[in-house]
Amino acid sequence: MTNEELNRMSEDVREEGINQGSSMKDLVFDPITGDFRQVPRGTHHGEGDVVTEMTNKGFAAEAATTIVYLREDELREAAELLAEKKHIPAFVEEVDEEGVYHIHLRTQASNVPMYLELPGFYTKESGLMSSSEMRAFRFCVLMTESGPEVWCRLKPFGNQKTDRNWEKADVFLIPSEENLFSRSKGILEVGILKGKRVMIVGLGSFGSQIAIELAKAGVGSFALMDFDRVELHNLSRHTATVHDLGRLKTNVIEEAILGKNPYAKVDKFPVNINENLKLLYDEVEKADLVICATDNNISRFNLSKALVEKGKTGIFGRAITRAEGGDVFRYRPGGPCYCCLVGEGDLQEEEITDVASARRDGRIAAYVSPEDADAMVQVGLSSDIEPICNMMVKLSLVELSRGKESGISSLEDEFVYDYYMWANRRERHFANWKALPNAGGYPTILRWYGARIEKEADCPICSASYKLDEGGDIPVEGLDNIEIDLS
Ligand SMILES: [Zn+2]
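Read on for an overview of the structure. (Residues numbered from 1 in each chain as written. Predicted model: local features only at pLDDT ≥ 70, side-chain atom pairs only at ≥ 80, totals over all residues.)

Our focus in this paragraph is the overall build of the chain. Counting its secondary structure elements, the chain contains 13 helices and 18 strands. Among the 487 residues that make up the chain, the fraction classed as buried is 33%. (Helix = DSSP H or I, 4+ residues; strand = E, 2+ residues; numbered from the N terminus. Buried ≥ 20, exposed ≤ 12 C-beta atoms within 10 Å, placed from the backbone.)

Dropping the structure here:
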């Protein structure tokens, strides 16, 4: 390594050190041994020495300082309560016994299991705490003029009578709602997304990922609909983990959303929408955008009807057999609806991911034996459905920010189609497609193609002239008649 490279490296480390805060030790390069040597900070170094700072989060493993995370919004509320000399409920969450603590200045959320360490929180300055009370506490938050200070007493208690056991922790603030997504500014209109409500119907492999992506983008309000629970076979494609087995998917995804955006509002509906049409319509009305990520056509048609009636935008997505490909359909008020897209017929080609739900909606007939039914379950890889989820998320973000200037608005020029298709492998449907190199004017896999969909004049769902028979299921047909627009 040349001196120049070393200097550059040392500059990088120094910059990192400064970013990470205060430092008590320096590293000095020893040209004889060829490695860095640790010296107390500020010790005299020779001229031309390569010196770099160490931080307690960088290289200095022994400098075990306690790190505390506090939430800015909770601090603000706590300060108000303090001013009125009121008790502040709080709890402390220890992260992996690494000396990292998350302090919450609020009551414990009931559905998140956490270790409640303290009965309550007071500060020295509030005047509410006597010295005997003081001994019961291991954390103390001081509101000072220059910001919050956190003192902790985590080392084995030698002498609890004095303050000498108290150690000052490094405090990091979790930004308040308005600053949480500051990094997305310029690309997304975060302020706009915060005020939007997205309804997600179906929290399987598609819905779970889309929900979390939208939470990361800053969508502020969610309605989650799914009555299923997490099962073992879900794990390979779902965001849920083994710890979630048996839990309602609505609860699992609520937790995941709040983990990304603790300020999001989440309403959960663990119901079958096909049996709760009134609720479905009411929720569609409240939503700015509806994601249809169910695995059957009955619910897609019910949702489609609700979207047409309430004049709302919806994004439909799915994978076909073994996820060899998939498609995404966007409904906008006045445009062709999902029924205009698929027409009549059956959709046996659709990916069957779950025997129970396939039996429920008739895709696997009652007379099929359990062994044969298992063999009909055809799932693709998570990486095969990922591009389809991603397309649904992008379309969603463009629809939610439509009309507002932002980094993604230029995509409005691309997203002029209502229907998009994607092929993962040259298999079955796509077996005769050309391989990517030298495909010329032919369609190839691993690319999105838009297709123009016509509104059907006599569509049972969106045409005014057609009176829908509410009694039975609507037959649908395959996608053979869709022409791919290569322009
Ligand atoms: Zn239609």
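Next comes the rest of the account.
Taken together, the 4 strands give an open sheet; going across it, the order is 5-6-4-10, and neighbouring strands pair in mixed fashion. Here the strands that pair on one side only, and so sit at the sheet edges, are strand 5 (91–95) and strand 10 (170–174). Here the strands of the sheet are splayed against their neighbours by 25° on average, with no regard to which way each runs. Inspection of the sheet shows strand 4 (residues 67–71) paired to strand 6 (residues 100–104) by 4 bridges, in the parallel sense. Its bridge partner being in strand 6, Tyr 69 is matched across the sheet by His 102. Those strands touched by helix 2 (residues 72–83) are strand 4, strand 6 and strand 10, and its axis lies near 70° from that of strand 4. (Pairing = 2+ DSSP bridges. Axes fitted to C-alpha atoms, helices over the stretch in contact; angles between N-to-C directions. Contact = placed C-beta atoms within 7 Å.)

In summary, soluble globular proteins display a tendency toward joint burial of nonpolar side chains. Ranked by internal contacts, the top residues of the largest apolar core, which has 72 residues, are Ile 200, Val 201, Ile 210, Ala 211, Val 290, Ile 291 and Met 392. A per-element tally of this core places helix 13 (residues 382–400) first, with 9 residues. Among the nonpolar cores identified, the runner-up in size contains 18 residues, and Val 68, Ala 90, Ile 103 and Cys 140 belong to it. (Core = buried A, V, L, I, M, F, W, Y, C linked by C-beta atoms within 7 Å.)

On to the environment of Ile 88, then. Inspection of the secondary structure puts Ile 88 in the loop between helix 2 and strand 5. Residue classification places Ile 88 among the buried residues on the basis of 20 C-beta atoms within 10 Å.

So, about the sheet that holds strand 16 (residues 325–331). On the basis of which strands lie adjacent, the open sheet formed by 8 strands has the order 13-12-11-14-15-16-17-18 and mixed pairing. The two strands at the open ends of the sheet, each matched to only one other strand, are strand 13 (265–269) and strand 18 (448–451). Going across the sheet, the axis of each strand differs from the next one's by a mean of 15°, ignoring polarity. As paired strands, strand 11 (residues 197–201) and strand 12 (residues 221–225) are joined by 5 bridges and run parallel to one another. Residue pairing for strand 12: Ile 200 is matched across the bridge by Leu 224. Sheet strands touched by helix 8 (residues 277–286): strand 11, strand 12, strand 13 and strand 14 (289–292). Its angle to strand 11, the strand with the most contacts, is close to 145°.

This brings us to the environment of Val 219. Relative to the helices and strands, Val 219 is located in the loop between helix 6 (205–217) and strand 12. For the pair Val 219 and Asn 261, spaced 42 residues apart in sequence, the C-alpha separation works out to 8.7 Å. The contacts of Val 219, once residues within four sequence positions are left out, are Leu 193, Lys 196, Val 198 and Leu 214.

Turning our attention to the pairing of strand 4. Moving residue by residue along a regular strand, the side chains alternate between the two faces of the sheet. Pairing geometry for strand 4 and strand 10, over 5 bridges, is parallel. By the bridge assignment, Tyr 69 is partnered in strand 10 with Phe 172.

The next point concerns helix 2. When the terminal C-alpha atoms of helix 2 are compared, their 17 Å separation across 12 residues agrees well with the 16 Å that a helix rising 1.5 Å per residue should span. Taken residue by residue, helix 2 has Leu 75, Ala 78 and Leu 82 as its buried positions. Buried residues of helix 2, seen end-on, are gathered within an arc of 65° and therefore sit on one face of the element. Structural note: helix 2 exposes Arg 76, Glu 80 and Ala 83 on the side pointing more than 90 degrees away from its buried face. Looking at the buried positions of helix 2, the neighbouring elements they touch are strand 4, strand 7 (139–144) and strand 8 (147–152). Phi turns positive, to about 55°, at Lys 85, one or two residues after helix 2. (Expected span 1.5 Å × (residues − 1). Arc of directions from axis to C-beta.)

Counting buried positions along strand 17 (residues 419–423) gives 5 out of 5 residues, so the element sits mostly inside the fold. Residues Tyr 419, Met 421 and Ala 423 point to one face of strand 17 and Tyr 420 and Trp 422 to the other, with burial holding for every one of them. Of the strand pairs in this sheet, strand 16 and strand 17 are connected by 5 bridges, and their pairing is antiparallel. Residue pairing in the sheet places Val 328 in a bridge with Tyr 420 of strand 17. As judged from the 4 bridges shared by strand 17 and strand 18, these two strands associate in the antiparallel manner. Its bridge partner lying in strand 18, Tyr 419 is registered against Ala 451.

A word on the packing of helix 6 against helix 13. Helix 13 packs onto helix 6 with a crossing angle of 45° between their chain directions and a minimal axis gap of 9 Å. In terms of orientation, helix 6 and helix 13 fall into the oblique class. Note that helix 6 runs across helix 13; the crossing there is right-handed. Residue-level inspection shows Ser 205, Phe 206, Gln 209, Ile 210, Glu 213, Leu 214 and Ala 217 of helix 6 in contact with helix 13, the latter providing Ser 382, Ile 385, Cys 389, Met 392, Val 393, Ser 396 and Leu 397. Here the contact of helix 6 with helix 13 is built from residues that sort into 9 nonpolar, 4 polar and 1 charged. (Parallel < 35°, antiparallel > 145°, perpendicular 65-115°, else oblique. Left-handed = near helix turned anticlockwise from the far one by under 90°. Nonpolar A, V, L, I, M, F, W, Y, C, P; charged D, E, K, R; others polar.)

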